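# Coordinate analysis (summary)
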Amino acid sequence: MTGQRTVGIINREETKTMSNLLRTTLLAAAIAWLPLTAERAAAGTFDIDPVHSGIAFFIDHLGFSQVIGIAKEFSGSFQFDAARPAESSLEVAVKVAGISTNNSQRDSDIQGADWFNATEFPQITFVGHEFKAVDAKSGTISGDLTIAGVTKPVTLDVTFNKEGQNPWDKSHVVGFSARTSIKRSDFGMKAALGMIGDEVSLVVQVEGRARS
Amino acid sequence: MSGLAQSPQEALILGMVTAGLLALVAAGLLRSLRAGRVWTDLLVPTSFLVAYWLVYNKVPSFPPVGAVNKIFFVAVIGTAFGVLVEATGRGGLARALVLAQPIASAVYIGTARLPDALPEVAAAALWGLLVMHGLSGGTGKAEDESGTRRAILLCIACVGFAPIALLGASSSSFQLSLLFAAAIVAIVAANISNPDFGFRSASLLGGAGGMIAAAQTVTLITRKTDMLALAVLTLVFVTPFVVDPVLRRVRATHKVVRIAAFAGICLLPVGASVATVIARYGSSFPV
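Here is a short report on the structure shown in this document. None of these values were measured; they are calculated from a predicted model. (Residues numbered from 1 in each chain as written. Chains lettered and ligands numbered in written order. Predicted model: local features only at pLDDT ≥ 70, side-chain atom pairs only at ≥ 80, totals over all residues. Heavy atoms only, no water.)

### Re the overall build of chain B
Threshold: Runs of E in the DSSP output that reach at least two residues are strands. Runs of H or I that reach at least four are helices, and both are numbered from the N terminus. Throughout, the radius of gyration refers to the C-alpha atoms, and the reference size of a globule is 2.2 Å times the residue count to the power 0.38. When a residue's accessible area, from a 1.4 Å probe over protein chains only, is under 20% of the maximum for its type it is buried; when over 50% it is exposed; and in between it is partly exposed. For this analysis, residues touch if any pair of their heavy atoms sits within 4.5 Å. Using the Shrake-Rupley algorithm and a 1.4 Å probe, accessible areas are obtained, with residue cover drawn only from the displayed protein chains.
Broken down by element type, chain B carries twelve helices and zero strands. Ordered by position from the N terminus, the helices and strands of chain B form the series α-α-α-α-α-α-α-α-α-α-α-α. For 287 residues, the compact-globule formula gives about 19 Å, and the C-alpha radius of gyration of chain B, at 18 Å, lands near that figure. Over its C-alpha atoms, taken along the principal directions, chain B stretches across nearly 45 × 45 × 40 Å. Buried residues in chain B amount to 55% of all 287 residues. By sequence separation, contacts in chain B at least 24 residues apart represent 78% of the contacts at least 6 residues apart. Total accessible area on chain B is roughly 12000 Å²; 70% of this is exposed by carbon and sulfur atoms.

### Description of the pattern of salt bridges
This is how it is decided: The working definition used for a salt bridge is a side-chain nitrogen of Lys or Arg within 4 Å of a carboxyl oxygen of Asp or Glu.
According to the stated counting rule, one finds 13 salt bridges over all chains in the structure shown. In this structure, E120 of chain A and K70 of chain B form a salt bridge, with 3.9 Å as the shortest nitrogen-oxygen distance. Linking E120 of chain A in the loop between α2 (104-109) and β7 (123-133) with K70 of chain B in helix α4 (residues 67-88), this pair reaches from one chain into another. Taking relative accessible area as the criterion, E120 of chain A reaches 14% and is therefore assigned buried. According to the relative accessible area criterion, K70 of chain B is buried, its value standing at 9%. Residue R258 of chain B is joined to E145 of chain B by a salt bridge in which the shortest nitrogen-to-oxygen separation is 3.2 Å. Residue R258 of chain B is found in helix α12 (residues 255-281), and its partner E145 of chain B is found in helix α7 (residues 143-167); the two are separated by 113 residues along the sequence. The pair R258 of chain B / E145 of chain B is uniform in exposure class, with both members buried. Salt bridges sharing partners connect three or more residues here, namely D49, D169 and R209 of chain A.

### Some words on the packing of aromatic side chains
Residues and elements named next belong to chain A. How we decide: Two rings belonging to Phe, Tyr or Trp (six-membered ring only in the last case) form a pair when the distance between their centres is within 6.5 Å. Interplanar angles under 30 degrees mark stacking, angles over 60 mark edge-to-face geometry, and anything in between is tilted.
Under the counting rule described, the total for this entry stands at ten aromatic pairs over all chains. When the ring of F80 is compared with that of F160, the centres are 5.6 Å apart and the planes differ by 35 degrees; the resulting orientation is tilted. Of this pair, F80 sits in strand β4 (residues 74-80) while F160 sits in strand β9 (residues 150-165), and the two are 80 residues apart along the sequence. Exposure class is identical for F80 and F160. Each is buried.

### A few points about the pairing of β4 of chain A
All names here are of chain A. Which entries qualify depends on this criterion: Any two strands with at least two DSSP bridges between them are considered paired.
Covered by surrounding structure in β4 are F74, G76, F78 and F80 only, the residues S75, S77 and Q79 on the alternate face being uncovered. Where β4 lies against strand β5 (residues 89-95), six bridges are found, and the strand directions are antiparallel. Note on β5: the bridge partner recorded for F74 is V94.

### Digging into the nonpolar core
All names here are of chain B. Heads up, the rule is: Side-chain atoms within 4.5 Å link the members of a nonpolar core, which is a set of buried Ala, Val, Leu, Ile, Met, Phe, Trp, Tyr and Cys residues.
The biggest cluster of nonpolar side chains holds 86 residues, and the ones touching the most others in it are L135, L154, F161, L176, F180 and V236. Residue contributions to this core peak at 14 residues, all from α7. Residue contacts for V236: discarding those within four places in its chain leaves L153, I156, A157, C266, P269 and V270.

### Comments concerning the packing of helix α3 (residues 43-56) of chain B against helix α9 (residues 201-222) of chain B
Residue and element names in this part refer to chain B. What counts, and what does not: Axes here mean lines fitted to C-alpha atoms, for a helix over just the part in contact, with angles spanning 0 to 180 degrees between N-to-C directions. The cut-offs work like this: below 35 degrees is roughly parallel, past 145 is roughly antiparallel, 65 to 115 is roughly perpendicular, and the gaps in between are oblique. Two helices crossing with the near one rotated counterclockwise from the far one by less than a right angle form a left-handed crossing, whereas a clockwise rotation gives a right-handed crossing. All residues other than Ala, Val, Leu, Ile, Met, Phe, Trp, Tyr, Cys, Pro, Asp, Glu, Lys and Arg, Gly among them, are scored as polar; the first ten of these are nonpolar and the last four charged.
Running from N to C, α3 and α9 cross one another at 30 degrees; their axes reach a closest spacing of 7 Å. Judged by the angle between their axes, α3 and α9 are roughly parallel. The handedness of the crossing between α3 and α9 is left-handed. Between α3 and α9, the contacting residues are V44, P45 and F48 on the first element and A202, S203, G206, G207, G210 and M211 on the second. Partitioned by chemical class, the residues of the contact of α3 with α9 number five nonpolar, four polar and no charged.

### Looking at the environment of L12 of chain B
Residues and elements named next belong to chain B. Within the element layout of this structure, L12 appears in helix α1 (residues 8-32). Looking at L12, the relative accessible area reads 14%, which means it is buried. Each C-alpha atom, one on L12 and one on L220, is 25 Å from the other, the two residues being 208 residues apart in sequence. Ignoring anything within four residues of it in the chain, the contact list for L12 reads F174, Q175, L178 and L179.

### A closer look at helix α5 (residues 91-109) of chain B
Residue and element names in this part refer to chain B. Test applied: Multiply 1.5 Å by the residue count of a helix minus one, and that product is the helix's expected span. A residue's bend is the angle separating two fitted axes: one through the seven residues that end there, the other through the seven that start there.
Taking 1.5 Å of rise per residue, 19 residues should cover 27 Å, and α5 covers 27 Å from first to last C-alpha, within 8% of that figure. Approximately 30 degrees is the largest bend angle found in α5, and it occurs at A100, with the proline P102 only one to four residues beyond. Where α5 is buried, its residues meet α4, α6 (118-137) and α9.

### A few points about the interface of chain B and chain A
Stated precisely, the cut-off is as follows: Take the accessible area each of two parts loses on contact, using a 1.4 Å probe, and add the two losses: that sum is the buried area.
In this complex, chain B contributes 28 residues to the contact, which on the side of chain A involves 19 residues. Buried area between chain B and chain A, summed over both chains or domains, comes out near 1700 Å², and the portion from carbon and sulfur atoms is 51%. Here chain B is connected to chain A by two salt bridges. Ionic pairing is found between D109 of chain A and K224 of chain B, a salt bridge with its closest N-O pair at 2.8 Å.

Note that every value here comes from positions in space, so none of it alone points to a role or purpose.
As structure tokens, this is what we get:
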């Protein structure tokens, strides 16, 4: 009997302790969460403004020059808060059919199976998942770049340009510049290696407008 | 291979010489070892895979991503099936597989375009079927000659397809066609008087099957094929059916003469196809 009562007392005390602990934990979590939600509310979702954004690439031609290509059709969005850059996110999709190198014959050729293979893989995508600030004006975005069905990790060197109000339409705008270089052979594009460069430099200018 | 060359032309010639020499060494080795048809049947598909590796600088990972990588596995799987079906010794099964292969290949390569482009995929399958029928059924009854004829026919067809591939914006398929053709020339040269040379199921399913898959990729995925030139080229697979009556009429009895006449007749539609390409595009080849 004594033993049973002891067990009963212990159970009641344990239950009380557990209940207090749970209440304290919930309270602490709620307190901790309040400023977090307040700051998250300040973080905005921005749509990439294609009119004031651009994606260009540079690739060596026989060592004589760098052929310049541009992506004419792309879209995407990002979440950004200057106070918490590490919590940003980014998604961009480029339409392969809209890639131009200022020559219609070549533009048509690079859509083919040897190159971007637009029939099977009509989009190039980049999903940023790790953001690191180097200083107040620069940082890196690491993410997954998918070209022609092959996904590889890529790190962009990013310069934060400006955040503020567009004086024309009063929209909230944030602007970045980014650069990186990739090897096309990593994405299975090995046609004419040695004559047309393997390394491709990418230059990106992004202006994002906050969703209202 | 292109990394060692100073120009696209050098890369092409270097690739053709390499593919040809490798095939010649392999064929010579098998001949010196008196290898039977089971082994010599592997020369053509192996040469296709070597040519693929020389052109694309890679062995694709499995499962393959994209049509270009699928070509490699069409050839590998075709070769494996070819070896297996020859081992079973069932001629009917071999024939069925040879005819089913281009249909399966068209569906596999053209998956991304289905179901929207079903008529195009069906046309590519039908074209492949015609090619396989011409290669396997119209190359004569003489066992010691039909293998050589098939190899020559495939070689000439590859040469004819090369400019079509180039116009179809696939410089890689252009190179693949010519490297493979160079390898076949070497194989034929080494085996012209070899009664044990075999161009059987492995060669058909792996070698010809791989090349059909490459053509289907240019047609279905890159989608810039000159259909008139391709139609004219396809006549090369019909000519074998009319060669024997011609040879009987001219009373050609010596094997080398018969094979030379066969090659000459096959060159006619290929020449017409190349002439079609030149007439339609002139100097605007995208080199």
